[in-house]
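Below, each chain spelled out in residue letters.
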Amino acid sequence: MTDTPLMPIPGNIDPLPVAREVTPRDDGRIDVLGLSRPRIAALFETAGLDAKQAKLRAKQVFHWLYHRGVTDFAAMTDIGKAMRPWLTERFVVSRPDVVEAQHSQDGTRKWLLRTADGHEFEMVFIPDADRGTLCVSSQVGCTLNCTFCHTGTMRLVRNLTPGEIVGQVMLARDALGEWPKGRMDFDFEDDDSDPEADNRGHYSADGRLLTNIVMMGMGEPLYNFDNVRDALKLVMDPEGLSLSRRRITLSTSGVVPMMERCGREIGVGLAVSLHAVTKDVRDEIVPINRKYGIEELLSACAAYKGASNSRRITFEYVMLKDKNDSDEDAHELVRLIREYALPAKVNLIPFNPWPGAAYECSTPERIARFSDIIFKAGISAPVRTPRGRDIDAACGQLKTAAEKKSRAQLDREAAES
Ligand code: SAH
Ligand code: SF4
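Treat the numbers as computed from the prediction; the structure is a model and nothing was measured.

A.B. asks: Just to check I follow, could you spell out empty space enclosed by the protein for this structure?
C.D. replies: All chains considered together, the criterion is met by two cavities of 30 Å³ or more. Of the voids in this model, the second largest cavity is the one considered here, and its volume is about 40 Å³. What lines the second largest cavity is Val169, Arg173, Leu210, Ile213, Val235, Leu241 and Leu243. Residues of the lining of the second largest cavity, tallied by class, amount to six nonpolar, no polar and one charged.

Pasting the structure below:
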């Protein structure tokens with residue numbers, strides 16, 4: 001179904017309130033990955049089960065999906081033998097197709113993935129000594145054209161569905177071999193008063209490779225708010241993937257009108273792509289600034305529900321030589337953080353180059369000096385070590401091969417005409 005209409009989302013507009021729920025498939029079956037339990041139950045009912053049966057089957061299927069990583073209804077052994085083929089005929093539990101998987105010398109892994117209707121996007125896994133972080137995409141391409149970001153040069157855009165977003169986490173767990181094996185005949189009701197509850201059935205994040213999720217892949221997550229929220233709800237749901245909201249961070253370029261809802265309805269950690277402290281420079285490098293300026297953005301940060309000294313807002317700051325990296329810029333950054341009384345930390349990101357980029361990375365000395373000024377003001381400002389640069393998996397380098405190819409194709413066509 002490569003002719004599925006793309007969503008018309010021109011740049012610098014407010015998010016679309018309604019986004020597609022499930023990507024249609026050629027075989028007509030409905031993909032239940034990414035749907036809530038009541039939604040699955042409703043689909044089962046529409047397909048012919050009575051309400052009670054539908055609810056029970058939805059609960060069972062949901063458990064197999066998110067606690068066991070099972071994609072085949074035939075393997076769902078507590079569902080009646082006759083029922084399983086009935087489900088298989090009508091429904092499917094998908095994963096994004098893997099087009100290519102790459103391994104960096106530093107252990108970073110990148111997957112080029114494809115939706116059921118043929119659109120390509122990427123996800124990245126970054127292992128560290130004490131954690132493993134999955135960098136998840138929210139859109140195919142991005143409508144915002146930050147001038148230093150490779151994804152921002154992609155034209156092709158559609159929002160990913162909740163299934164395609166949570167599917168990245170499922171696929172990573174498949175690849176890392178992180179689904180529990182063995183019996184599943186225990187009660188998994190959530191019980192906050194029981195400190196052992198998280199360990200029941202080995203379903204906690206402890207001891208796993210994949211411990212953290214960052215919405216920092218391709219796309220602007222707050223321009224796909226509903227789908228990102230629904231996907232993250234499944235990731236946090238104690239009966240879903242059961243990952244703590246403290247281990248999830250959403251990065252936004254500054255979609256101010258959606259930030260309040262992000263805090264209230266999702267409640268994950270917030271990272272903000274600030275990158276500049278003056279209107280002129282931010283207007284140029286993060287063009288959404290022309291719509292929502294620095295003051296508005298920082299006010300929204302100050303009002304962000306869930307931010308506190310123990311859960312600071314991360315300000316991302318890409319280091320661009322002679323553009324945003326002066327001592328004055330560092331002092332102004334400190335002043336702004338103080339003016340808005342923000343519980344903040346700053347993440348300095350050395351610019352990751354890509355072919356045709358108009359910028360250079362600041363020198364290591366400049367970055368060290370910039371960091372020092374902020375640290376001396378009492379604000380943490382570590383320099384992020386670039387990961388996976390050799391496989392184009394570092395921040396801002398994600399851009400799919402399909403798009404690269406189509407550009408090459410365009411060049412050829414231009415040369416021929
Ligand atoms: N669209 C969201 C999330 C994805 S980008 C956002 O903009 O916040 C994740 C981070 O990488 C952002 O802070 C982004 O500005 C930064 N980034 C983009 N291109 C980069 C590059 N070439 N080098 C370093 N960081 C980059
Ligand atoms: Fe989009 Fe973020 Fe890249 Fe800007 S930095 S173009 S918002 S992905």
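A.B. asks: For this particular structure, what's the right way to read the side chain of Glu239?
C.D. replies: In this structure, Glu239 sits in the loop between helix H5 (225–236) and strand E10 (248–252). A distance of 2.9 Å separates polar atoms of two side chains, one belonging to Glu239 and the other to Arg37.

A.B. asks: Which parts of the structure should I look at to understand the pattern of salt bridges?
C.D. replies: A side chain with one charge can pair with a side chain of the opposite charge if their charged atoms come near. The final tally for this structure, using the stated rule, is 26 salt bridges. A salt bridge links Asp27 to Arg29; its shortest N-O distance comes to 3.1 Å. We classify Asp27 as partly exposed; its relative accessible area is 39%. For Arg29, a relative accessible area of 25% gives the class partly exposed. Between Asp226 and Arg229 there is a salt bridge, with the nearest N and O atoms lying 3.9 Å from each other.

A.B. asks: For this particular structure, what's the right way to read the sheet that holds E10?
C.D. replies: Picture the strands of a sheet paired through backbone hydrogen bonds; they go either parallel or antiparallel. Strand order in the open sheet formed by nine strands is E3-E4-E5-E6-E9-E10-E11-E12-E13, with mixed pairing between adjacent strands. Single-partner strands in this sheet number two, and they are strand E3 (97–103) and strand E13 (344–350). With direction set aside, neighbouring strand axes in the sheet form an average angle of 20°. Two elements, strand E9 (residues 212–215) and E10, share three bridges in a ladder whose sense is parallel. Bridging from a neighbouring strand, Met215 pairs with Leu250 of E10. Contacts from helix H10 (residues 364–376) reach strand E12 (313–319) and E13, with the element oriented near 180° to E13.

Cut-offs applied
Along each chain, numbering runs from 1 in the same order as the chain's sequence is written. Chain letters and ligand numbers both follow the written order, the letters beginning at A and the numbers at 1. Predicted model: local features are reported for residues with pLDDT of at least 70 only, side-chain atom pairs are reported and counted for 80 or more only, and whole-chain, interface and lining totals are derived from all residues. The basis for every side-chain value is the complete set of heavy atoms in the structure, and neither hydrogens nor water enter the calculation. Using protein atoms alone on a 1 Å grid, points that fit a 1.4 Å probe yet trap it form a cavity, whereas open point sets bounded by protein on both sides within 12 Å along at least five of seven lines form a pocket; residues with an atom within 4 Å of a point count as lining. Grid points are joined across faces, edges and corners, and a volume is the space filled by probe spheres set on the points. When residue character is reported, Ala, Val, Leu, Ile, Met, Phe, Trp, Tyr, Cys and Pro are called nonpolar, Asp, Glu, Lys and Arg charged, and the others, Gly included, polar. Strands here mean DSSP runs of E at least two residues long; helices mean DSSP runs of H or I at least four residues long; both are numbered from the N terminus. N or O atoms closer than or at 3.5 Å make up a polar contact, with two conditions inside protein: a donor-capable atom paired with an acceptor-capable one, and, for residues adjacent in sequence, both atoms drawn from side chains. Counted as salt bridges are all cases of a side-chain nitrogen of Lys or Arg within 4 Å of a carboxyl oxygen of Asp or Glu. Working definition: with a 1.4 Å probe on protein chains only, accessible area under 20% of the residue-type maximum means buried, over 50% means exposed, and in between means partly exposed. Strands are treated as partners if at least two bridges between them are detected by DSSP. For helices, the fitted line uses only the C-alpha atoms of the stretch in contact; every axis is such a line through C-alpha atoms, and the angle between N-to-C directions lies from 0 to 180 degrees. Contacts: residue pairs with any heavy atoms within 4.5 Å of one another.

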